[in-house]
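Okay, here's what each chain looks like letter by letter:
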Amino acid sequence: MRRQYERALITGATSGIGEAFADVLPASTDLILTGRNAEKLGALQERLAIEGRAVEIIEADLRSPTDRKKLISRSESLKTDLFVNNAGLGFFSHFTEIPADDEAAMVEVNVVAVHELTRALLPGMIERAKQAGERAGLIIVSSVIGHLPMPYFATYAATKAFDLALAEGLAEELSREPIEILALCPGGTTSNLMTYLARGDVAL
């Protein structure tokens, strides 16, 4: 049986599914928590730094290439062995009425950031697992919406279809490597994203 993961990176950790992962991981797993809300990150750090656990917080906006690179560099230096690729962004409205910048932001966070972080961190995670005789872990949070097109949520659904296809493809491609890869496809979930959808707001 695999020992507990040593250090987990969780994006979008300040609410919803990301926060739930931070809560349920055992105290023996150190944490790297990232999100845009510095105050909430600080509160999580205070609450979860128990029993000698190290909790690193990194304020980052995954729409920003600079912030993504900062997160990659720090996570690699801390030797992450579990990556929960959770941060997401959504707008619910007519496709032609959502500002183009907001449409692009959804693709940047839900597709570009997921791909960039996964591509950057996966080789090191696999190599460290080989050297330790252990297994690493990757969870890409897609959505039940990723299985079908959805009017008024067309871009979000398309980005989650990408996340699902990426996770499933990597799981097969890397099936002989020491890493577990999971696509998580939740349905309706209590989170900032679901709270703000009716207003067309952003949630990370």
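Scroll up for the structure.
A few points on the structure. (Residues numbered from 1 in each chain as written. Predicted model: local features only at pLDDT ≥ 70, side-chain atom pairs only at ≥ 80, totals over all residues. Heavy atoms only, no water.)

**Brief notes about the overall build of the chain**
On a plain count of helices and strands, the chain comes out with six helices and six strands. Written out in order from the N terminus, the α and β elements of the chain read β-α-β-α-β-α-β-α-β-α-β-α. The C-alpha atoms of the chain give a radius of gyration of 16 Å, which matches the 17 Å a tight globule of 204 residues would have. Scored against the burial criterion, the 204 residues of the chain give a buried share of 48%. Taking contacts inside the chain between residues at least 6 apart in sequence as the whole, the part at least 24 apart equals 68%. Taken as a whole, the chain presents about 9900 Å² of accessible surface, with 55% of it coming from carbon and sulfur. When the 20 positive and 28 negative side-chain charges of the chain are each reduced to one mean point, those points stand 5 Å apart. (Helix = DSSP H or I, 4+ residues; strand = E, 2+ residues; numbered from the N terminus. Rg over C-alpha atoms; globule rule 2.2 N^0.38 Å. Buried < 20%, exposed > 50% of the residue type's maximum accessible area, 1.4 Å probe, protein only. Contact = heavy atoms within 4.5 Å. Areas by Shrake-Rupley, 256 points an atom, 1.4 Å probe, with all protein chains shown as cover. Lys, Arg positive; Asp, Glu negative; His and termini not counted. Charge placed at Lys NZ, Arg CZ, Asp CG, Glu CD.)

**As for the nonpolar core**
Counting residues in hydrophobic clusters, the biggest one holds 27 residues, and the most contacted among them are Phe83, Leu122, Leu138, Leu170, Leu174 and Ile179. Mapped onto this core, the elements with two or more residues apiece are α3 (65-77), α4 (100-132), β5 (136-141), α5 (154-173) and β6 (179-184). The greatest single-element share of this core, amounting to eight residues, is contributed by α4. Within the second largest apolar cluster, 18 residues are counted, among which are Ala13, Leu31, Val55 and Val84. (Core = buried A, V, L, I, M, F, W, Y, C linked by side-chain atoms within 4.5 Å.)

**Considerations on the pattern of salt bridges**
Once the charged atoms of two side chains with opposite charge are near each other, the side chains can pair. Across all of its chains, the model carries twelve salt bridges by this definition. A salt bridge links Glu108 to Arg68, with the shortest nitrogen-to-oxygen separation between them at 3.0 Å. With Glu108 in helix α4 and Arg68 in helix α3, this pair connects stretches of sequence that are 40 residues apart. The exposure class of Glu108 is partly exposed, given its relative accessible area of 24%. Overall, the relative accessible area of 3% leaves Arg68 in the buried class. Each of Glu19, Asp23, Lys40 and Arg47 takes part in a single network of salt bridges with overlapping partners. (Salt bridge = Lys/Arg side-chain N within 4 Å of Asp/Glu carboxyl O.)

**Considerations on α3**
Helix length check: α3 (13 residues) gives 18 Å between terminal C-alpha atoms against 18 Å at 1.5 Å per residue, within 8%. Within α3 the residues assigned to the buried category are Asp67, Arg68, Leu71, Ile72 and Ser75. Across the axial projection of α3, the buried residues extend over an arc of 140°, all falling on one side. Facing away from the buried side of α3 by over 90 degrees, the exposed positions are Thr66 and Lys69. (Expected span 1.5 Å × (residues − 1). Arc of directions from axis to C-beta.)

**A few points about the sheet that holds strand β2 (residues 30-35)**
As summarised here, the arrangement of the six strands in space is β3-β2-β1-β4-β5-β6, forming an open sheet in which the pairing is parallel. Because the sheet does not close on itself, it has two edges, and the strands there are β3 (55-59) and β6. Across this sheet, the average inter-strand angle for adjacent strands is 10°, counted without regard to direction. Sheet topology places strand β1 (residues 7-11) next to β2; five bridges connect them, and they run parallel. Bridge pairing in β2 places Arg7 opposite Asp30. Its contacts with the sheet place helix α1 (residues 16-24) against β1, β2, β4 (82-85), β5 and β6, and it is angled at close to 165° to β1. (Pairing = 2+ DSSP bridges. Axes fitted to C-alpha atoms, helices over the stretch in contact; angles between N-to-C directions.)

**Structural notes on the pairing of β4**
Both faces of β4 are covered, namely the face carrying Leu82 and Val84 and the face carrying Phe83 and Asn85. Here β1 runs beside β4; their pairing, made up of three bridges, is parallel. For Ala8, the partnering residue across the bridge sits in β4 and is Leu82. Where β4 lies against β5, four bridges are found, and the strand directions are parallel.

By themselves, these figures tell us nothing about what the structure is for.
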